[in-house]
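For reference, the chains in residue letters:
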Amino acid sequence: MNLDARIPSGPIDKAWDKAKFEMKLVNPANKRKYEIIVVGSGLAGASAAATLAELGYNVKCFCFQDSPRRAHSIAAQGGINAAKNYQNDGDSIYRLFYDTVKGGDFRAREANVYRLAQISVNIIDQCVAQGVPFAREYGGTLANRSFGGAQVSRTFYARGQTGQQLLLGAYQALERQVDAGRVKMMPRAEMLDLVVVNGRARGIVTRDLVTGAIESHAADAVVLGTGGYGNVYYLSTNAKGSNCTAIWRAYKRGAAFANPCFTQIHPTCIPVSGNYQSKLTLMSESLRNDGRIWVPLAKGDKRAPNEIPEAERDYYLERRYPSFGNLVPRDVASRNAKAVCDEGRGVGEHGLGVYLDFADAIKRLGRAVIEERYGNLFEMYERITDEDPYKVPMRIYPAIHYTMGGLWVDYQLMSTIPGLFVIGEANFSDHGANRLGASALMQGLSDGYFIVPYTIGNYLASERFEKVEPAQAEFLAVQDQVAQRTRRLLNAKGSRTVDSFHRELGKIVWDDCGMSRNAAALTEALGKIRALREEYWRDVKVLGAAEEINQSLEKAGRVADFFELAELMCLDALDRDESCGGHFREEHQTADGEALRDDQRFSYVAAWEYAGPDQPPVLHKEPLMFEYVHPSQRSYK
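Treat the numbers as computed from the prediction; the structure is a model and nothing was measured.

### Here we look at the sheet that holds strand β12 (residues 292-296)
Now for step 1: Strand order in this open sheet of 5 strands is β11-β15-β14-β12-β13, and the pairing throughout is antiparallel. Single-partner strands in this sheet number two, and they are β11 (263-269) and β13 (313-314).
Now for step 2: Alignment of β11 against strand β15 (residues 394-403), held across 5 bridges, turns out to be antiparallel. The partner of Cys269 across the bridge, within β15, is Tyr397.
Now for step 3: Strands β11, β12, β14 (354-357) and β15 of the sheet are contacted by helix α8 (residues 330-342), whose axis makes an angle of about 65 degrees with β11.

Dropping the structure here:
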C-alpha cells in the first residue's frame, strides 16, 4: 500500500497555489464526457456536487434521506471559523493554522491544516454571496464570537443554527445544477459497496430504500462525503441515520482507514436521562462564551444550584486554566468534567453533569442580548429538560460528537484507491487527535467548494478511462455480494432486536474506548466485541423483507459494520500507546492529569489496511513532520 501524501515542496504558504498550478486541467468541452458520483449531500457532498456540475461534469449525487436538506450538517449550531481578523484582535491565517495544529495535539498534517486556514477566508465570501444570513454588528459588518482553543474571535455564526443556514446555501447551489440537468439527484438510496475495476474506483452499488432494489452505478470517479462514525457508540449527538457503511465498505475494498481511535467527546451535551434514550442533544460550544461552568465545592451537595452561594462553587475551568478559562478545547473541557464527576461533585439525578450558568451574563448584558445570541438553543434546552436556562443553570455532560479518524487521503483528498476521493468528516485529514470547535463546517466546505473540484480534474486529466457499464462482471459480482449479505441478515431470524445489540456494543465502546482508555480495558473490549458480533449474526431479528421499505434491515447492515469498525477502533487505541488529544490513555498523563504524548514513537498517521475476513488488519504509518509548529506539551493555562 502506497501512503504517498503528495505534499508539494517549498514554503507552506505557497504549497496550495503551487499544487493548483501544477495540476493538469480538463478542457471545458471535455468535462461533459466525464461522470462523477458524489455520495452524501451534506455540506461536503452538496458543495462538491454543485461545484463539479458548475464546472461542467455530469454528476450523480446520492443520499439516503428524502432531501439533501435533511443531511446531518443541518444540526451544526455554533459557527464556522475563518481567519478574517474582522475583530482586529491579532488573528491571521498563520494563527488559525497554529491553533488547529496545536488543538489537534500535533497529530495532523501541517500542509493540510495550512491550506484549510488559507481557504477559510474564501468560504465566508462564498457563503455571504449565497445569502447565508450571518450575524452582523450594528454597523453591518459580519459578527464574530469566540470558540474553544483560541484566544481570538474568528467564528462566524447565524444564531445557533449555522449548519442549517450553510446547508441551505449549498443546497440552493446544488438544486440550481439539478435544474440545469448537470446533477441527477438520487435520494432514498444507500451506498452498500464500492466497485473497483482494474484497481480504480469506478462505481457504487446501492439499495433503493423505497423498493429495495439493488442497483449499480458507474462513473469515472467516486467522491464520498458521508460524514463520521460517532454512532458506533449508540448514544451520540449524531442523527440516528448517520453511519459508517460507505467508508467501511470502501475500506474493505482497499481504502486505508486512518486513526480510527481519534474520536471527539463534546463537553456541552444534555446529560443522559435514562437507559432507553436513543440519542443525545448537543448544546453549542458557543454557549461557553457567556456561560460559566461550575460544580459544588463539596461532594454530594444536592442543593438546587441557585441555593449554593458563590463561595461554595468551584469554577474549575477558570481555576485550572486562567488563560483560556471556559474556552479550553473540547478534549480538555470533557476530561475535566469527567474528573469532577468522578470525585462525586457532579450534579443532576445521576451525578453525571456540571452546570453551565448564564446568571452573570444576563446580569451584565441583559436577557435580550442573550436571547438574540442563543435564543433557539435556550428554547431547545427547555423543551427537552423542562428547565428554564434563563432562571437556572443548564446541566451538561460530555458526549460523543465527531470523529477525527476516517479514510486516509493524500493532499489531493484521494484515498489509497485511485479515483476514490473522500471529503469532510469521512476523511481523517485536518484535525489530528482533537477538532477545535467551528472547524467541521470549515473543512466540509473547503473540501467541497475549493479542493476536490481541482484535484479530481487533475486525476481525470492524468488517466485514460475505458468505458465501464453497470452490466459488466465486476459490478454484477459486487451486486451479488450485497444481495447475499442482505439475505443473511434477513435469514438470521433470531430473538434480539438490532437496537438491543447496538446499545450493548455502544456501552462497551463508550466504557473502554471513550473518554479514557487503558490497555487492560481495551484488550477486554476486543474480546467482548468479537463475542457480541458472533452472537449478532446468529441471533439478530430483522423483520420484513428485502423488496420493500425496511428500516430494520437498513439498521441491521449499518450495525454489522459498526461491530467491525469498533474492533478496529479498539485495536488502534491499544496500539497507540500514548495520550494525545481525545485519545487519553490513562497510563500516559502528566502530573496534573493532561495528555502525555510520545512524539518519538507515535508522531505518525496510523493507516490500517484490510487483510481479509478474520485476518488482522495491516498497520501502515505515514510519518508526521513539523517544520512550522514544533510539538510541545499543550498548555491552556
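### Some remarks on the side chain of Thr155
Now for step 1: With respect to the element layout, Thr155 can be found in strand β4 (residues 155-156).
Now for step 2: A polar atom in the side chain of Thr155 sits 2.7 Å from the side chain of Asn81.
Now for step 3: When residues no more than four places from it in sequence are discounted, the contact partners of Thr155 are Gly78, Gly79, Ile80, Asn81, Ala143, Asn144, Arg145, Ser146, Phe147 and Ala438.

### Some details on the sheet that holds strand β8 (residues 214-218)
Now for step 1: Taken together, the 3 strands give an open sheet; going across it, the order is β6-β7-β8, and neighbouring strands pair in antiparallel fashion. Of all the strands in the sheet, just β6 (189-197) and β8 have a single pairing partner and so form its edges. Looking at each pair of strands side by side, their axes are set apart by 30 degrees on average, direction ignored.
Now for step 2: Two strands pair when backbone bridges link them, and strand β7 (residues 200-208) and β8 are joined in this way by 5 bridges, in the antiparallel orientation.

### Topic: the domain arrangement of the protein chain
Now for step 1: According to the domain assignment, the protein chain contains domain 1 (15-262 + 404-462), domain 2 (266-399) and domain 3 (478-604).
Now for step 2: A separation of 30 Å is found between the C-alpha centroids of domain 2 and domain 3.
Now for step 3: Taken residue by residue, the interface counts 12 residues in domain 2 and 11 residues in domain 3.
Now for step 4: Taking both partners together, domain 2 and domain 3 bury about 830 Å²; carbon and sulfur atoms supply 53% of that area.
Now for step 5: It is Arg320, Arg335 and Lys338 in domain 2 that bury the most area against domain 3; as a group they hold 52% of the surface buried on that side.
Now for step 6: Applying the counting rule to domain 2 against domain 3 returns 1 salt bridge.
Now for step 7: With a shortest N-O distance of 3.7 Å, Glu594 and Arg320 are connected by a salt bridge.
Now for step 8: At the surface where domain 2 touches domain 3, the tally comes to 3 residue pairs in polar contact (both at pLDDT 80 or more).

### Focus: the packing of helix α14 (residues 519-539) against helix α15 (residues 551-575)
Now for step 1: Put simply, α14 and α15 touch, their axes get as near as 9 Å, and they point 160 degrees apart. One way to sum up the angle between α14 and α15 is to call them roughly antiparallel. As α14 packs across α15, the resulting crossing turns out to be left-handed. Two secondary-structure elements touch here, α14 through Ala519, Leu522, Thr523, Ala525, Leu526, Ile529, Arg530, Leu532, Arg533, Tyr536 and Trp537 and α15 through Lys555, Ala556, Val559, Ala560, Phe563, Glu564, Ala566, Glu567, Cys570, Leu571, Ala573 and Leu574.
Now for step 2: Looking at the contact of α14 with α15, its residues break down into 17 nonpolar, 1 polar and 5 charged.

### Quick notes on the packing of helix α2 (residues 43-55) against helix α5 (residues 162-180)
Now for step 1: Contact pair α2 / α5: the axes reach a minimum separation of 8 Å and the direction vectors enclose 35 degrees. In the packing of α2 onto α5, the handedness of the crossing is left-handed. Across the interface between the two elements, Leu43, Ala46, Ser47, Ala49, Ala50, Ala53 and Glu54 from α2 touch Leu166, Leu167, Ala170, Ala173, Leu174, Arg176 and Gln177 from α5.
Now for step 2: A per-class count over the contact of α2 with α5 returns 10 nonpolar, 2 polar and 2 charged.

### Let's talk about the pattern of salt bridges
Pairing is possible between side chains of opposite charge, provided their charged atoms come close.
Now for step 1: This model, assessed by the stated rule, comprises 56 salt bridges.
Now for step 2: With a shortest N-O distance of 2.9 Å, Arg200 and Glu463 are connected by a salt bridge. Of the two residues, Arg200 is situated in strand β7 and Glu463 in the loop between α11 (440-462) and α12 (473-491); the sequence distance between them amounts to 263 residues.
Now for step 3: Owing to a relative accessible area of 22%, Arg200 belongs among the partly exposed residues under this scheme.

### Re the environment of Arg288
Now for step 1: Within the secondary structure, Arg288 is located in the loop between β11 and β12.
Now for step 2: In this structure Arg288 comes out as buried when scored by relative accessible area, which is 1%.
Now for step 3: Sequence-wise, Arg288 and Asn326 are 38 residues apart; in three dimensions their C-alpha atoms are separated by 6.0 Å.
Now for step 4: Every residue in contact with Arg288, bar those within four places of it in the chain, is listed here: Gly148, Pro267, Thr268, Ile293, Asn326, Leu327, Val328, Pro329, Arg330 and Ala333.

### Focus on the pairing of strand β2 (residues 58-62)
Look at any regular strand and the pattern is simple: side chains alternate between the two faces of the sheet.
Now for step 1: Pairing analysis gives 5 bridges linking strand β1 (residues 35-39) to β2, with the strands arranged parallel. Each bridged residue has a counterpart across the sheet, and for Val39 the counterpart in β2 is Phe62.
Now for step 2: Where the polypeptide runs from β1 across α2 and back to β2, its parallel neighbour, the crossover connection is right-handed.
Now for step 3: As judged from the 4 bridges shared by β2 and strand β5 (residues 183-186), these two strands associate in the parallel manner. Counterpart to Lys60 in the pairing with β5 is Lys184.

### As for the packing of aromatic side chains
Now for step 1: According to the stated counting rule, one finds 29 aromatic pairs in the structure shown.
Now for step 2: Ring centres of Trp16 and Tyr454 lie 6.0 Å apart, and the angle between their planes is 80 degrees; this geometry places the pair in the edge-to-face category. Of this pair, Trp16 sits in helix α1 (residues 15-22) while Tyr454 sits in helix α11, and the two are 438 residues apart along the sequence.
Now for step 3: Among the residues examined, Trp16 registers a relative accessible area of 4% and is labelled buried.
Now for step 4: Between Phe602 and Tyr604, the aromatic rings sit 5.9 Å apart at their centres with planes inclined by 40 degrees, giving tilted as the arrangement.
Now for step 5: You can call Tyr604 buried: its relative accessible area is 7%.
Now for step 6: Linked through ring pairs, Tyr34, Tyr57, Phe421, Tyr459 and Phe465 together constitute an aromatic cluster.

### Topic: unusual backbone geometry
Now for step 1: Phi at Leu413 is positive, roughly 65 degrees, even though this residue is not glycine.
Now for step 2: With respect to the element layout, Leu413 can be found in the loop between β16 (406-407) and β17 (420-422).
Now for step 3: Residue Asp614 is not a glycine yet carries a positive backbone phi of 60 degrees.
Now for step 4: On the secondary structure map, Asp614 appears in the loop between β18 (604-609) and β19 (618-623).
Now for step 5: What makes Asp614 exposed here is its relative accessible area of 73%.

### Section: the nonpolar core
Now for step 1: One finds Ile80, Leu224, Leu407, Leu420 and Tyr536 to be the most contacted residues of the largest nonpolar core, which totals 180 residues.
Now for step 2: Looking at this core, the element that brings in the most residues is α15, giving 12 residues.
Now for step 3: Ignoring anything within four residues of it in the chain, the contact list for Ile80 reads Ile123, Ile124, Phe134, Arg154, Thr155, Phe156, Thr162, Leu166, Ala438, Leu441, Met442 and Leu445.
Now for step 4: Counting residues in each nonpolar core, the second largest holds 9 residues, with Leu192, Val195, Ala218 and Val482 among its members.

Rules used throughout
- Residues numbered from 1 in each chain as written.
- Predicted model: local features only at pLDDT ≥ 70, side-chain atom pairs only at ≥ 80, totals over all residues.
- Heavy atoms only, no water.
- Pairing = 2+ DSSP bridges.
- Helix = DSSP H or I, 4+ residues; strand = E, 2+ residues; numbered from the N terminus.
- Contact = heavy atoms within 4.5 Å.
- Axes fitted to C-alpha atoms, helices over the stretch in contact; angles between N-to-C directions.
- Polar contact = N/O pair within 3.5 Å; in protein donor to acceptor, adjacent residues only side chain to side chain.
- Domains from an automatic or database assignment.
- Buried area = accessible area lost by both parts, 1.4 Å probe.
- Salt bridge = Lys/Arg side-chain N within 4 Å of Asp/Glu carboxyl O.
- Parallel < 35°, antiparallel > 145°, perpendicular 65-115°, else oblique.
- Left-handed = near helix turned anticlockwise from the far one by under 90°.
- Nonpolar A, V, L, I, M, F, W, Y, C, P; charged D, E, K, R; others polar.
- Buried < 20%, exposed > 50% of the residue type's maximum accessible area, 1.4 Å probe, protein only.
- Right-handed = clockwise from strand over helix to strand, strands pointing away.
- Phe/Tyr/Trp six-rings, centres within 6.5 Å; stacked < 30°, edge-to-face > 60°.
- Core = buried A, V, L, I, M, F, W, Y, C linked by side-chain atoms within 4.5 Å.

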